[in-house]
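Per-entry structural report
Residue strings, one per chain:
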Amino acid sequence: MTSPYENQPYQKWGDVTQGLVKVLPLSTAEIVEVVLAAWDSIFASKLGKRGFRIGRHIFPKPQIMGFLLHELIPLEIAARHPKKWRGEQSASEKDIVYTPDDHFSIEVKTSSNPTRIFGNRSYGQRATADKKAKSGYHLAVNFEKFSVRPKRPSVLLVRFGWLDSSDWIGQEAPTGQQSHLSPEVEKSKLLELYKLS
């Protein structure tokens with residue numbers, strides 16, 4: 001896949017991102033609504049016969065909260081648009097699949113870091129035929145982790161845009177399991193849709 005940023009100077013990346021987001025068959029307002037609804041759903045859910053609640057009885061680690069968001073966001077979009085959007089069904093698909101045109105499918109990244117998002121070690125490497133393409137639309141959600149109980153944590157930041165696999169920078173150590181984006185990429189390729197005031 002050719003990058004939409006190819007041959008574009010850094011100063012134009014923001015304009016390219018705006019254009020890519022504008023043609024997505026979801027509005028930026030709805031993207032924010034979906035993320036916040038998914039977050040609320042985590043705290044509205046009851047677990048087990050005794051109805052244990054997250055934030056009242058259970059205080060999951062950030063990885064679990066990220067996993068729940070990762071699962072609930074596609075479900076929320078599919079519930080709103082059942083004939084057009086669905087969650088992934090195979091390893092070769094993005095997290096949120098737009099069935100009329102896979103070009104608009106979306107990868108979801110969550111993080112308890114206040115401003116940064118991260119990928120695993122495989123990001124930045126060429127995808128194999130049976131794995132999902134790493135370039136494309138990305139939804140980035142940053143959230144608070146549980147600290148002072150019973151204070152409910154909040155979504156801090158919602159960003160959306162396009163990332164290329166080459167944007168990811170792997171750890172130098174051969175055993176490193178994490179990759180990150182440069183501040184320039186995060187600033188110009190991910191539009192800020194929501195920030196907790």
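Scroll up for the structure.
Residues numbered from 1 in each chain as written. Predicted model: local features only at pLDDT ≥ 70, side-chain atom pairs only at ≥ 80, totals over all residues. Heavy atoms only, no water.

Topic: a nonpolar patch on the surface
A surface patch of nonpolar side chains, amounting to about 230 Å² of accessible area, comprises Leu 47, Phe 52 and Ile 58. Topologically, Leu 47 is positioned in strand β1 (residues 46–47). Of the residues examined, Leu 47 reaches a relative accessible area of 41% and is grouped as partly exposed. (Patch = residues over 30% accessible without salt bridge, like charges linked within 9 Å, V, L, I, M, F, W, Y side chains within 5 Å. Areas by Shrake-Rupley, 256 points an atom, 1.4 Å probe, with all protein chains shown as cover. Salt bridge = Lys/Arg side-chain N within 4 Å of Asp/Glu carboxyl O. Helix = DSSP H or I, 4+ residues; strand = E, 2+ residues; numbered from the N terminus. Buried < 20%, exposed > 50% of the residue type's maximum accessible area, 1.4 Å probe, protein only.)

A look at the nonpolar core
Residues Ile 73, Ile 106 and Leu 139 are the most contacted members of the largest nonpolar core, which totals 43 residues. Looking at this core element by element, the count peaks at 8 residues for helix α2 (residues 28–44). Every residue in contact with Leu 139, bar those within four places of it in the chain, is listed here: Ile 31, Val 35, Ile 73, Ile 106, Glu 107, Val 108, Lys 109, Val 158, Arg 159 and Phe 160. (Core = buried A, V, L, I, M, F, W, Y, C linked by side-chain atoms within 4.5 Å. Contact = heavy atoms within 4.5 Å.)

Comments concerning the sheet that holds strand β6 (residues 118–120)
Spatially, β6-β10-β9 is the arrangement adopted by the 3 strands of the open sheet, whose pairing is antiparallel. Across the chains shown, the open sheet's two edge strands, defined by having one partner strand only, are β6 and β9 (168–170). Neighbour-to-neighbour, the strand axes of this sheet turn through a mean angle of 35 degrees, independent of strand direction. Bridge count between β6 and strand β10 (residues 178–181): 3 bridges; the pairing is antiparallel. Directly across from Asn 120, in β10, lies its bridge partner Gln 178. (Pairing = 2+ DSSP bridges. Axes fitted to C-alpha atoms, helices over the stretch in contact; angles between N-to-C directions.)

Remarks on the environment of Ser 135
Looking at where Ser 135 falls in the secondary structure, it is placed in the loop between β6 and β7 (136–143). Between the C-alpha atom of Ser 135 and that of Glu 93, which follows or precedes it by 42 residues, the distance is 12 Å. The residues contacting Ser 135, other than those within four sequence positions of it, are Met 1, Lys 94, Trp 162, Leu 163, Asp 164 and Ser 165. Side-chain polar atoms of Ser 135 contact the backbone nitrogen of Ser 165, separated by 2.8 Å. (Polar contact = N/O pair within 3.5 Å; in protein donor to acceptor, adjacent residues only side chain to side chain.)

Regarding the packing of aromatic side chains
A full pass over the atoms with the stated rule returns 11 aromatic pairs. A ring pair is formed by Phe 43 and Phe 146, whose centres lie 6.2 Å apart and whose planes are at 65 degrees; its orientation type is edge-to-face. One end of the pair, Phe 43, is in helix α2; the other, Phe 146, is in the loop between β7 and β8 (155–163), and 103 residues separate them in sequence. Taking relative accessible area as the criterion, Phe 43 reaches 8% and is therefore assigned buried. Under the relative-accessibility criterion, Phe 146 is labelled buried at 16%. Relative to Tyr 98, the ring of Trp 85 lies with its centre 4.7 Å away and its plane at 50 degrees, an arrangement referred to as tilted. In this pair, Trp 85 sits in strand β3 (residues 85–87) while Tyr 98 sits in strand β4 (residues 96–98), placing the two residues 13 residues apart along the sequence. By relative accessible area, Tyr 98 is classed as buried at 10%. One aromatic cluster is present, built from ring pairs that chain together Trp 85, Tyr 98, Phe 104, Tyr 137, Phe 160 and Trp 162. Sitting above the plane of the Trp 168 ring, Lys 109 keeps its charged end 5.9 Å from the centroid. Taking the ring centre of Tyr 5 as reference, the NZ or CZ of Lys 189 above it sits at 4.1 Å. (Phe/Tyr/Trp six-rings, centres within 6.5 Å; stacked < 30°, edge-to-face > 60°. Lys NZ or Arg CZ within 6 Å of the ring centre and 35° of its normal.)

Take it as geometry only, folks, not as evidence of what the structure does.
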